[in-house]
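Analysis of the macromolecular model
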Amino acid sequence: EDRYNRVCQLMMEKKWKELAAYDELQDALSKNECFAEFQTLKCNFPPTFKVTKGERGYLYNQKRIPSYTDRILWKSAPGLRENVKPFLYEPCADFDTSDHKPMRGAFMVITNSPKESSKISRGLKRSDSSIRRSIQNLLSTSENTVYFVTISDLSCTNLTKRSSATINPYVIFWTEPSEYMHKFKLIKDSKFFSFGGSKKCPFIVGAPGAHLNTRVIKSKLNPYWGDDEFNIAIRATPKEMVLNGA
């Protein structure tokens, strides 16, 4: 009973770091006692078990101490541990058909590197020397390059609704590192102007480090954003782009 009350007190105060001191999985991973070379994230949210079935949110069964029994673990190939970068990790609090709250996560995966690009270059036939030179020149330049991307006609299909939970879908556009990304707005019938000293362009460009969300479409399993357009500017050197998989 004392342990139950202690855990409940930490949850009420949202002291996730102190609650994590009781995390047996993190402790076992750090000691290499299970799931060798796998990783998981810290739990900065309420425990996912044991909750009352049929209830949204977190109504715990007082016969069990609330616990983090639902987790996401991942493992990378040797030497590529830093190529998997999580940016979302949270429970599905509205899921109500179990005494567990399932977890969801989102990851950015870097799929290439300058070494791999060099291998591609070396593997080209002699007759493709112009392509080889283009790749080498691209990776050797230190000048910032600005890529303007416009996304339109965006839709999702066959999203899954669980039980009585509502579904209000939206999409997030993100880069890693985040400072590569700028929001921009196309200015129609305007003069060209400078973007940070680079070539002139007919855009208003926002501060770096932003992420862009679509509008929320409520209660739709096949959302369509119609005529909405989403404008992104990505600014980095070509070598940085290859190194970070942007």
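Residues numbered from 1 in each chain as written. Predicted model: local features only at pLDDT ≥ 70, side-chain atom pairs only at ≥ 80, totals over all residues. Heavy atoms only, no water.

**Remarks on the overall build of the protein**
Helices and strands together make up the secondary structure of the protein, namely six helices and ten strands. Going through the 246 residues of the protein one by one, you find that 31% of them count as buried. Relative to all contacts within the protein whose residues are 6 or more apart in sequence, the contacts with residues 24 or more apart total 65%. With the model as given, the accessible surface of the protein reaches about 16400 Å², and the carbon-plus-sulfur share is 51%. (Helix = DSSP H or I, 4+ residues; strand = E, 2+ residues; numbered from the N terminus. Buried < 20%, exposed > 50% of the residue type's maximum accessible area, 1.4 Å probe, protein only. Contact = heavy atoms within 4.5 Å. Areas by Shrake-Rupley, 256 points an atom, 1.4 Å probe, with all protein chains shown as cover.)

**Regarding the side chain of Lys50**
Topologically, Lys50 is positioned in the loop between α3 (24-30) and β1 (84-91). For Lys50, a relative accessible area of 19% puts it in the buried group. If we ignore the near neighbours within four places in the chain, the residues touching Lys50 are Leu59, Tyr60, Asn61, Arg64, Pro66 and Asp99.

**Concerning helix α1 (residues 2-12)**
Buried within α1 we find Tyr4, Val7, Cys8, Leu10 and Met11. Viewed end-on, α1 has its buried residues packed into an arc of 160°, placing them on one side of the element. With respect to the buried face of α1, the exposed residues turned more than 90 degrees away are Asp2 and Met12. Buried residues along α1 sit against α2 (16-19). At the exit of α1 stands Lys14, carrying a positive phi of roughly 55°. (Arc of directions from axis to C-beta.)

**Some points on the packing of aromatic side chains**
For the structure on display, the rule yields six aromatic pairs. A centroid spacing of 6.2 Å and a plane angle of 20° characterise the contact between Tyr58 and Tyr60, whose relative ring orientation is stacked. Ring pairing ties together the aromatic residues Phe45, Tyr68 and Tyr89, which thus form one cluster. (Phe/Tyr/Trp six-rings, centres within 6.5 Å; stacked < 30°, edge-to-face > 60°.)

**Comments concerning unusual backbone geometry**
Geometrically, the link from Phe49 to Lys50 is a cis peptide bond, its omega value of 0° lying close to zero. The phi angle at Asn32 is positive, at roughly 60°, despite the residue not being glycine. With respect to the element layout, Asn32 can be found in the loop between α3 and β1. Judged by its relative accessible area of 54%, Asn32 falls in the exposed class.

**Concerning the side chain of Arg71**
Its location among the elements puts Arg71 in the loop between α3 and β1. Of the polar contacts made by the side chain of Arg71, one reaches the side chain of Asp23; its length is 2.7 Å. Apart from residues no more than four positions distant in its own chain, Arg71 is found in contact with Asp23, Leu25, Gln26, Thr40, Leu41, Cys43, Tyr89 and Met103. (Polar contact = N/O pair within 3.5 Å; in protein donor to acceptor, adjacent residues only side chain to side chain.)

**Some details on a nonpolar patch on the surface**
There is a patch of nonpolar side chains on the surface, built from Phe87, Leu88, Tyr170, Ile172, Trp174 and Val216 and spanning about 540 Å² of accessible area. Residue position: Ile172 is located in strand β4 (residues 172-173). Given a relative accessible area of 39%, Ile172 falls into the partly exposed group. (Patch = residues over 30% accessible without salt bridge, like charges linked within 9 Å, V, L, I, M, F, W, Y side chains within 5 Å. Salt bridge = Lys/Arg side-chain N within 4 Å of Asp/Glu carboxyl O.)

**Re the pattern of salt bridges**
Going through the model one piece at a time under the given rule, you end up with eight salt bridges. Two residues, Asp23 and Arg71, come together in a salt bridge whose shortest N-O distance is 2.7 Å. Taken as a pair, Asp23 in the loop between α2 and α3 and Arg71 in the loop between α3 and β1 lie far apart in primary sequence, 48 residues in all. This pair shows no difference in class: Asp23 is buried, exactly as Arg71 is.

**Details of the environment of Phe45**
With respect to the helices and strands, the residue Phe45 is situated in the loop between α3 and β1. For Phe45, a relative accessible area of 6% translates into the label buried. Separated by 46 residues in the primary sequence, Phe45 and Pro91 have C-alpha atoms spaced 7.7 Å apart. Contacts of Phe45, omitting those with residues within four sequence positions, involve Trp16, Tyr68, Tyr89, Glu90, Pro91 and Met103.

Remember that the coordinates give geometry; whether it matters functionally is a separate question.
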